[in-house]
Amino acid sequence: MAIQGRPNHELALVLDNKSNWQERNIAMSLDILLSRLDGVRHTGQGQWIAKCPAHADRKASLAIRELDDGRILLHDFAGCATADVLAAVDLTFSDLFPERGLDAHHHPVRRPFNARDVLRCLAYEVLVVLQIANLLLRGGALTESDHARLLLAARRFQSAEGIANE
């Protein structure tokens, strides 16, 4: 059964690798939930409303949301507890959360500098190089101080490249 706003996953039976399994597992959990609800309507990207199965709902009061990481959030505006909603469709809380991969406990790397700050520093270094280039263009002589400043600019460019590739 195809759910409005969801691709038909019946064709995704062959698993290529672990990431395809996780993607399919996440989608199938949501598809199972949506298939067990009545009056499902797609309301936005990753969002649906449906009639709550835990009470006699005449109009949709159950909000369903799928987060980017595959978690599923439920909220019944009529006041039913999530546990009651899940029990009514024969699911558990674990069905709302995708299986985590082996690297799920790794925290994202925090970069010491954001890209905007690095680009601002590089823009300043470009101005320094342009000033020295203009000096040379007008026939001026390159001093030891100018040469040292050009070397510093070059080191900063190389350092910025290293930061960007981390």
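The notes below deal with the structure included here. (Residues numbered from 1 in each chain as written. Predicted model: local features only at pLDDT ≥ 70, side-chain atom pairs only at ≥ 80, totals over all residues. Heavy atoms only, no water.)

**Details of the overall build of the chain**
Argument step 1. On a plain count of helices and strands, the chain comes out with four helices and four strands.
Argument step 2. Ordered by position from the N terminus, the helices and strands of the chain form the series α-β-β-β-β-α-α-α.
Argument step 3. Counting across all 166 residues of the chain, residues that qualify as buried make up 25%.
Argument step 4. Across the chain, every contact between residues at least 6 apart in sequence was considered, and the portion connecting residues at least 24 apart equals 44%.
Argument step 5. Summing over all exposed atoms, the chain offers an accessible surface of approximately 12000 Å²; the carbon and sulfur share of this is 55%. (Helix = DSSP H or I, 4+ residues; strand = E, 2+ residues; numbered from the N terminus. Buried < 20%, exposed > 50% of the residue type's maximum accessible area, 1.4 Å probe, protein only. Contact = heavy atoms within 4.5 Å. Areas by Shrake-Rupley, 256 points an atom, 1.4 Å probe, with all protein chains shown as cover.)

**Notes on helix 3 (residues 115–137)**
Argument step 1. Taking 1.5 Å per residue as the helical rise, helix 3 with its 23 residues ought to reach 33 Å, and the 32 Å between its terminal C-alpha atoms agrees with that figure.
Argument step 2. Here helix 3 has its buried residues at V118, L122, E125, V128 and I132.
Argument step 3. In the segment just after helix 3, G139 is the residue with positive phi, at about 90 degrees. (Expected span 1.5 Å × (residues − 1).)

**As for the sheet that holds strand 3 (residues 62–66)**
Argument step 1. Strand order in the open sheet formed by four strands is 1-2-3-4, and the pairing between neighbours is antiparallel. Both outer strands of the open sheet, strand 1 (38–44) and strand 4 (72–76), are each paired with one neighbouring strand and no more. Each strand of the sheet is rotated relative to its neighbour by a mean of 20 degrees, with strand direction disregarded.
Argument step 2. Where strand 1 and strand 2 (residues 47–51) come together, four bridges link them in antiparallel fashion. Bridge pairing in strand 2 places R41 opposite I49. (Pairing = 2+ DSSP bridges. Axes fitted to C-alpha atoms, helices over the stretch in contact; angles between N-to-C directions.)

**A few points about the pattern of salt bridges**
Argument step 1. On inspection of all chains with the given rule, the structure shows three salt bridges.
Argument step 2. Linking E125 and R149 is a salt bridge whose minimum nitrogen-to-oxygen distance equals 2.8 Å. With E125 in helix 3 and R149 in helix 4 (residues 144–164), the pair connects residues that are 24 residues apart, well separated along the chain.
Argument step 3. A relative accessible area of 2% means that E125 is categorised as buried.
Argument step 4. Across the salt bridge formed by E125 and R156, the nearest N and O atoms sit 2.7 Å from each other. With E125 in helix 3 and R156 in helix 4, the pair connects residues that are 31 residues apart, well separated along the chain.
Argument step 5. Each of E125, R149 and R156 takes part in one network of salt bridges that share partners. (Salt bridge = Lys/Arg side-chain N within 4 Å of Asp/Glu carboxyl O.)

**Here we look at the pairing of strand 4**
Argument step 1. Of the two faces of strand 4, the one lined by I72, L74 and D76 is fully buried and the one lined by L73 and H75 carries no buried residue.
Argument step 2. Inspection of the sheet shows strand 3 paired to strand 4 by five bridges, in the antiparallel sense. If you follow E66 over to strand 4, its bridge partner there is I72.
Argument step 3. The turn linking strand 3 back onto strand 4 is made up of five residues, and G70 within it adopts a positive phi angle of 95 degrees.

**Remarks on the environment of S61**
Argument step 1. Note on placement: S61 falls in the loop between strand 2 and strand 3.
Argument step 2. Taking the C-alpha atoms as reference points, S61 and F77, separated by 16 residues in sequence, lie 5.2 Å from one another.
Argument step 3. Within polar-contact distance, the side chain of S61 engages the side chain of D57 at 2.6 Å. (Polar contact = N/O pair within 3.5 Å; in protein donor to acceptor, adjacent residues only side chain to side chain.)

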